[in-house]
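Chain and residue survey
Chain by chain, the residues run as shown.
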Amino acid sequence: MSWIDAFLDDGPDYPAERRSVAEVQALLLKAGLGAKLPLGHSQDVSGMAALLMSDPKLFAMAAAALEGPHAPVRCEGTAEHMVIDDARIAMAGPALADAFVCGAKRVVLHDLDWPQLLWPVLVRTEQVYGISLAIDRPDARTIMVSTAKQGLKPLGPPQPVPLLALARLQKLAAKTFVPSSEASRQSGAGAGLQDND
C-alpha cells in the first residue's frame, strides 16, 4: 500500500501544522522542479497553494501527484474541442487551463490519474482568467470540462497541512539543492567563503 492510500484510509486524525500560503507556494514550486516538471507547470501548481490547503486530503493528493509519473500531454481534436488521453494532472492541468484561455469550448480528459485535483485546477482557472467552467462525467474513465455561464463552487480557506504530505514535498524540493562542496561555495552557493556579518 502506498503512503497516499494509507493516508486516505486513516481518516481525519493526522498530525498537521499551520503554514502560510506563501511558504506552501514556495515549497510546491521547488517540489515541482524537483519532480522534473517544466517551470511553468511548477508555477501553476504553486499558484494553487491556497486552494490545495483548503482540504488536507487534496493537499496530500497533490503531493502524491507531484511524485509522478509525469508524461507529456497527448492531445487530439481541434482547438475548440480538445481530447487529452492518459491524462496526468500535473501535466494535463496546465494544458487544460491554457486550452480554455486560447478559446476552447470543451476539453475531454481520459483516464485522469487524480480526478479530485481537477476541481482546484478549474477553480484557479476561473479565478485567474475569469472563465466559468463546468464538469461532466459521462463514464468512469472520462471527464468533460466545458465553458459555462455559472462557475464552480469555490473551495474553503486554507487549513493546517498534514505533516506526512509536507515531508513528501520537502523530499522532492530537496532534489533542487546543490550539494555542498568547496567548488559550489566558490561558484556562489551558500553564504560565501567568509562570514562578513
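Everything that follows concerns the structure shown earlier in this document.
This write-up is about the structure you can find in this document. (Residues numbered from 1 in each chain as written. Predicted model: local features only at pLDDT ≥ 70, side-chain atom pairs only at ≥ 80, totals over all residues. Heavy atoms only, no water.)

1. Examining the packing of helix 2 (residues 21–34) against helix 8 (residues 163–174)
The following threshold applies: Whenever a helix is involved, its axis is fitted only over the stretch in contact; in every case the axis is a line through C-alpha atoms, and angles between N-to-C directions fall within 0 to 180 degrees. For helices the rule is a DSSP run of H or I covering at least 4 residues; for strands it is a run of E covering at least 2, with both sets numbered from the N terminus onward. Here is the rule for angles: anything less than 35 degrees is roughly parallel, anything more than 145 is roughly antiparallel, 65 through 115 is roughly perpendicular, and the remaining ranges are oblique. Helix crossings fall into two classes, left-handed where the near helix is turned counterclockwise from the far one by less than a right angle and right-handed where it is turned clockwise. Contacts are residue-level and defined by heavy atoms, with any inter-residue pair within 4.5 Å sufficient.
The N-to-C vectors of helix 2 and helix 8 enclose an angle of 55°; their axes lie 7 Å apart at closest approach. The angle between helix 2 and helix 8 places the two elements in the oblique class. The way helix 2 lies across helix 8 gives a crossing that is left-handed. Contacts from L27, L28, K30, A31 and G34 of helix 2 reach helix 8 at L166, L169, Q170, L172 and A173.

2. As for the nonpolar core
To keep it simple, the criterion reads: As used here, the term nonpolar core means buried Ala, Val, Leu, Ile, Met, Phe, Trp, Tyr and Cys residues forming a set that is joined through side-chain atoms within 4.5 Å. Burial classes: relative accessible area under 20% of the type maximum marks a residue as buried, over 50% as exposed, and values in between as partly exposed (1.4 Å probe, protein chains only).
If you look at the biggest cluster of nonpolar residues, it comprises 55 residues, and the most contacted ones within it are F59, V107, L117 and L118. If you tally residues by element for this core, the top one is helix 5 (residues 56–66), at 9 residues. Not counting the four nearest positions on each side in its chain, F59 is found in contact with V24, L52, M53, V161, P162, A165, L166 and L169.

3. Topic: the sheet that holds strand 6 (residues 142–147)
Worth spelling out the cut-off: Each pair of strands is called paired provided DSSP finds at least two bridges between the two strands.
Read across the open sheet, the 5 strands follow the order 2-3-4-6-5; overall the sheet is mixed. Pairing within the sheet leaves two strands with one partner each, and these edge strands are strand 2 (74–77) and strand 5 (133–139). For this sheet the average axis-to-axis angle between neighbouring strands, irrespective of direction, equals 25°. In the packing of helix 7 (residues 118–129) onto the sheet, the strands contacted are strand 4 (106–110), strand 5 and strand 6, and the crossing angle to strand 5 comes to about 150°.

4. A short note on the packing of aromatic side chains
One pair of aromatic rings is described through two measures. These are the centre distance and the angle between the planes. Formally: Pairing of aromatic rings covers Phe, Tyr and Trp, the last through its six-membered ring, and needs centres within 6.5 Å; plane angles under 30 degrees mean stacked, over 60 mean edge-to-face, and all others mean tilted.
As enumerated under the stated definition, the model contains 1 aromatic pair in all. Considering the side-chain rings of F7 and Y14, the 5.3 Å spacing of their centres and the 50° angle between planes classify their relative orientation as tilted. Here F7 falls in the buried class, since its relative accessible area comes to 7%. When its relative accessible area of 26% is taken as the criterion, Y14 is described as partly exposed.

5. Quick word on the side chain of S54
Our working rule: Counting of polar contacts relies on pairs of N or O atoms within 3.5 Å, with two restrictions inside protein: one atom must be capable of donating a hydrogen and the other of accepting it, and residues adjacent in sequence are counted only when both atoms are side-chain atoms.
The topology assignment puts S54 in the loop between helix 4 (49–52) and helix 5. Within the local environment of S54, its side chain forms a polar contact with the backbone oxygen of L51, the two atoms lying 2.6 Å apart. Those residues within four positions of S54 in sequence are excluded, and the remaining contacts are L155, G156, P157, P158 and Q159.

6. Structural notes on the pairing of strand 3 (residues 81–85)
Our working rule: Whether a crossover is right-handed depends on one test, that the path from the first strand over the helix to the second runs clockwise when the strands point away from the viewer.
Of the two faces of strand 3, only one is covered, namely that formed by M82 and I84; the face formed by H81, V83 and D85 stays uncovered. The sheet contact formed by strand 2 and strand 3 spans 4 bridges and is antiparallel. Across the sheet, the residue bridging to C75 is I84, located in strand 3. Count of turn residues in the strand 2/strand 3 antiparallel hairpin: 3 residues. Here strand 3 pairs with strand 4 via 4 bridges, running parallel. Bridge assignment links V83 to a residue of strand 4, and that residue is V108. Handedness of the β-α-β unit built from strand 3, helix 6 (residues 89–101) and strand 4 comes out right-handed.

7. Remarks on the pattern of salt bridges
Counted only if it meets this: What makes a salt bridge here is a side-chain nitrogen of Lys or Arg within 4 Å of a carboxyl oxygen of Asp or Glu, nothing more.
Throughout the structure, instances matching the rule amount to 6 salt bridges. A salt bridge links D86 to R88, with the nearest nitrogen and oxygen atoms 2.9 Å apart. Among the ionic pairs, R141 bridges to D111, the shortest N-O distance being 3.1 Å. With R141 in the loop between strand 5 and strand 6 and D111 in the loop between strand 4 and helix 7, the pair connects residues that are 30 residues apart, well separated along the chain. Note on R141: relative accessible area 42%, which makes it partly exposed. The network of salt bridges with common partners includes E17, R19 and E23.

8. As for the side chain of T142
Of note, T142 is situated in strand 6. Its relative accessible area of 6% is what places T142 among the buried residues. One polar contact links T142 to H110, side chain to side chain, over a distance of 3.3 Å. Non-local contacts of T142, meaning those with residues more than four positions away in its chain, are made with V108, L109, H110, D136 and R137.

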